[in-house]
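Single-letter residue listing:
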Amino acid sequence: YGLYNRVLMAGWGWLNRIRWRQMDLTVLIWPPAAQYVEDIRGILEDQVEVLSQETVEIRSDQIARMVEELYAVDFAGPEKVARKMERLARPPYRLEVLQVRLVRPRMAVQDALNRVRCETIGDIKDDIRRRYRDRVEDYVYDVIIHSTEADYQTEPVRRVLKKYAANIR
């Protein structure tokens, strides 16, 4: 029960509003949504600043490990990864990696340890998923877009991408 102490969580919420006046996050557009990359980028640009974009090629024999390590950064359970793995394991093995900047992001405190979730990027991802889920062949939840939830996750995600893609900077 101490992990969800309301007083501590409220205090973290107040401090987080000061801490995160702007935040740079990593956004991935998964291969099943490849044909909609420019449209999705346009949606992102309407709401956040897109700082960069690059195409990343992942070896077919490495995609499963890359996805598992990527989701480990934000403590996603194995069931979340398993649900989408079959769909992500099909070619092409190319994803778009965008760096975006959010100004005054809405951050939700998840527990007394100050694990956070960026509600701003979460709302944007939910909107994009709603718009494209009926257009993506064999859609499985969350095979369109993924992002980090806080700036401290950006470097670990970049390390995972560098580990599995030779062409990322």
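All values derive from a computational prediction rather than experimental measurement.

K.L.:
Which residues make up the nonpolar core, and what values go with them?
P.N.:
Residues I40, L44, V100, I128 and I144 are the most contacted members of the largest nonpolar core, which totals 27 residues. Mapped by element, the contributors of at least two residues to this core are strand 1 (22–29), helix 2 (37–47), strand 3 (94–103), strand 5 (116–118) and helix 5 (119–132). The residues contacting I128, other than those within four sequence positions of it, are I40, I43, L44, I144 and I145. Judged by nonpolar contacts, the second largest core, of 22 residues, contains L95, V157, L161 and A165.

K.L.:
Any details on the pairing of strand 3? Residues and values, ideally.
P.N.:
Most of strand 3 is tucked away: seven of the 10 residues are buried. Bridge analysis of strand 1 against strand 3 gives eight bridges, and the strand direction is antiparallel. In the strand pairing of strand 3, V27 is matched with L98. As paired strands, strand 2 (residues 49–57) and strand 3 are joined by eight bridges and run antiparallel to one another. Pairing of E57 across the sheet is with R94, part of strand 3.

K.L.:
Outline the packing of helix 3 (residues 63–73) against helix 6 (residues 154–164), listing residues and values.
P.N.:
It is the contact of helix 3 with helix 6, at a shortest axis distance of 9 Å, that shows an interaxial angle of 170°. Viewed along their axes, helix 3 and helix 6 adopt a mutual orientation that is roughly antiparallel. Across from R65, M66, E69, L70 and V73 in helix 3, the residues of helix 6 making contact are P156, V157, V160, L161, K163 and Y164. Residue composition of the contact of helix 3 with helix 6, grouped by class: eight nonpolar, no polar and three charged.

K.L.:
I'd like a description of helix 5, backed by residues and values.
P.N.:
With 14 residues, helix 5 ought to run about 20 Å at 1.5 Å a step, and its terminal C-alpha atoms sit 20 Å apart, in line with that. Of all the positions in helix 5, only T120, I121, G122, I124, K125, D127, I128, R129 and Y132 are classed as buried. Elements in contact with the buried residues of helix 5: strand 1, helix 2, strand 3, strand 5 and strand 6 (145–147).

Cut-off values and rules
- Residues numbered from 1 in each chain as written.
- Predicted model: local features only at pLDDT ≥ 70, side-chain atom pairs only at ≥ 80, totals over all residues.
- Heavy atoms only, no water.
- Core = buried A, V, L, I, M, F, W, Y, C linked by side-chain atoms within 4.5 Å.
- Buried < 20%, exposed > 50% of the residue type's maximum accessible area, 1.4 Å probe, protein only.
- Helix = DSSP H or I, 4+ residues; strand = E, 2+ residues; numbered from the N terminus.
- Contact = heavy atoms within 4.5 Å.
- Pairing = 2+ DSSP bridges.
- Axes fitted to C-alpha atoms, helices over the stretch in contact; angles between N-to-C directions.
- Parallel < 35°, antiparallel > 145°, perpendicular 65-115°, else oblique.
- Nonpolar A, V, L, I, M, F, W, Y, C, P; charged D, E, K, R; others polar.
- Expected span 1.5 Å × (residues − 1).

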